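# Descriptive analysis of the structure
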Amino acid sequence: MDPVLIKLALGGIAFLVCIGLLFGIGLALAAQKFAVEANPKVEEVLEVLAGAQ
Amino acid sequence: MSTLMKRSILLSIWLVSIFLASLPVCGHAAENSFAKKTDFKDNRTIVIEFAGAVDEEWATSPANFKVNEKQNPDVLLPVEKVELSPDKKTVLIRFGEDIDLRAAHVVSMTPVSSEGKNMGPAILDVKKSYFGYLFSILIGAMLINNYVFTKYLGLCVFIGTSRKKDTAVGMGITFTIVMVVSAMISWFLYQYVLKPYRLDYLQVVVFIGLVSLTVQAVDTVLRKVNPALFKAFGVYLVLVIANCVIIAVPLTLASNEYNAFESFMLALGAGGGFLLALFLMSASRERLELANVPPTFRGLPIAFVATGLFALAFMGFSGMAIF
């Protein structure tokens, strides 16, 4: 296959991995900064309920 | 928290003022200091103002002026005749046929002769004022090519959140914010990463990723900053991720090769247009609740009928040219 095409495909994969990592880290930091303290009892009650819907 | 908010507001004010201050720099650039101003007078005339008087025999010979559209340098436009104003400082270049005022034109002149002195050759850009152009992009995206009423994009959110006025306005503002932020990031990525490395075949994937990033960020921030609004949006905020209006804006600006200011204006116009559409629709739907609608049409069907009527009304804007 044409090496230019292989280069393009690899470049695309590398680029997507890079922006994926970048966005992921950014979002994780934002989530930490703007964390909302949720009541843990809500989760527990939801666990106990049947939860078909 | 509040200091952070204040700081970010200050930062955004700074950014906007830098943006506005740098606008005039992007206006017309004359490459000869002797030529002061260039402009279109009408469909067939270009006006060039000089700093001093120019010689009549130089100025009135059409062979000294070559005019072309900036995008097609090979196609010279037919210069019919050139006129000189009585004070000899203004030259009118007249054309035999109409020229496209929306396109930027280039006038190249043989060395300008002023009172026997040679002032050097000149290559001048002629275009409509940049502010007017930006404004026409804004109005074009908002009214003439309204994304909801003329392109039928984003209908699920449009129908879903237009039941109450305050939800509709909040949703419109969220849309505008998400649109502007994602459009600016996608403009940057497209111009500086995707295009130079020939990765533009990935643009749809990258733009979807960008939009979901922005939506997730707005979701996280809004949950903390304004829980009431967050609750009012409910599931629709997540729907923004897969919304076609939001994807349409980066794709439009990529295919039109817009620069940063133009993309900003396009995103602002598209968001404002969506806000306008949501507001109009919610106002009329609140009114429809009280109307005596036949039972078959109650609810969604009459909303679609009203949307169709709005679309008809917005057709009145089509084909309009501003500036």
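The structure presented is a predicted model; accordingly, all values stated were derived computationally and were not measured.

Cut-off values and rules
- Residues numbered from 1 in each chain as written.
- Chains lettered and ligands numbered in written order.
- Predicted model: local features only at pLDDT ≥ 70, side-chain atom pairs only at ≥ 80, totals over all residues.
- Helix = DSSP H or I, 4+ residues; strand = E, 2+ residues; numbered from the N terminus.
- Buried ≥ 20, exposed ≤ 12 C-beta atoms within 10 Å, placed from the backbone.
- Contact = placed C-beta atoms within 7 Å.
- UniProt positions renumbered as here; feature names shortened; annotations may be inferred.
- Nonpolar A, V, L, I, M, F, W, Y, C, P; charged D, E, K, R; others polar.
- pLDDT = per-residue confidence, 0-100.
- Expected span 1.5 Å × (residues − 1).
- Pairing = 2+ DSSP bridges.
- Axes fitted to C-alpha atoms, helices over the stretch in contact; angles between N-to-C directions.

### Structural notes on the overall build of chain B
Looking only at helices and strands, chain B has eleven helices and ten strands in total. Evaluated residue by residue, chain B yields a buried proportion of 31% over its 323 residues. Looking at chain B alone, contacts between residues at least 24 apart form 70% of all its contacts between residues at least 6 apart.

### Quick look at the UniProt feature "transmembrane region" (unreviewed entry) in chain B
Residues and elements named next belong to chain B. As annotated by UniProt and renumbered to match this structure, "transmembrane region" (unreviewed entry) occupies residues 130-149, 169-189, 201-222, 234-254, 260-281 and 302-322. Within the segment residues 169-189, helix and strand shares are 100% and 0% respectively, and the terminal C-alpha atoms sit 30 Å apart. Annotated as residues 260-281, this span is 100% helix and 0% strand, and its ends, taken at the C-alpha atoms, are 31 Å apart.

### Some thoughts on the interface of chain B and chain A
Often the size quoted for an interface is simply the accessible area lost on bringing the parts together. If you look at the interface, chain B gives 15 residues, while chain A gives twelve residues. By residue number, the principal contributor to the side of chain B that touches chain A is helix α6 (residues 203-225) of chain B, which donates ten residues. For the side of chain B that touches chain A, the per-class residue count stands at nine nonpolar, three polar and three charged.

### Let's talk about the confidence of the model for chain B
Residues and elements named next belong to chain B. Of the residues in chain B, 88% reach a pLDDT of 70 or more, and the chain-wide mean stands at 83. Model confidence for chain B, summarised as mean pLDDT per element, is weakest for helix α1 (residues 2-22) at 62 and strongest for helix α10 (residues 260-290) at 93. Long-range and interchain partners of residues 24-30, a stretch whose pLDDT sits below 50, account for ten contacts in this model, where long-range means more than four residues apart. In the model output, the complex is listed with pTM 0.69 alongside ipTM 0.76.

### Quick word on helix α1 (residues 3-33) of chain A
Since there are 3.6 residues in each turn of an α-helix, residues three or four apart along the chain are aligned in direction. The end-to-end C-alpha separation of α1(A) is 45 Å, in line with the 45 Å expected for 31 residues at 1.5 Å each. Burial runs low along α1(A): only zero of the 31 residues are buried.

### Structural notes on the sheet that holds strand β3 (residues 65-69) of chain B
Residues and elements named next belong to chain B. Spatially, four strands are ordered β4-β3-β7-β10 in an open sheet, and the strand pairing comes out antiparallel. Pairing within the sheet leaves two strands with one partner each, and these edge strands are β4 (72-77) and β10 (122-126). Looking at each pair of strands side by side, their axes are set apart by 30° on average, direction ignored. As judged from the three bridges shared by β3 and β4, these two strands associate in the antiparallel manner. Of the residues in β4, the one forming a bridge with Val 67 is Leu 77.

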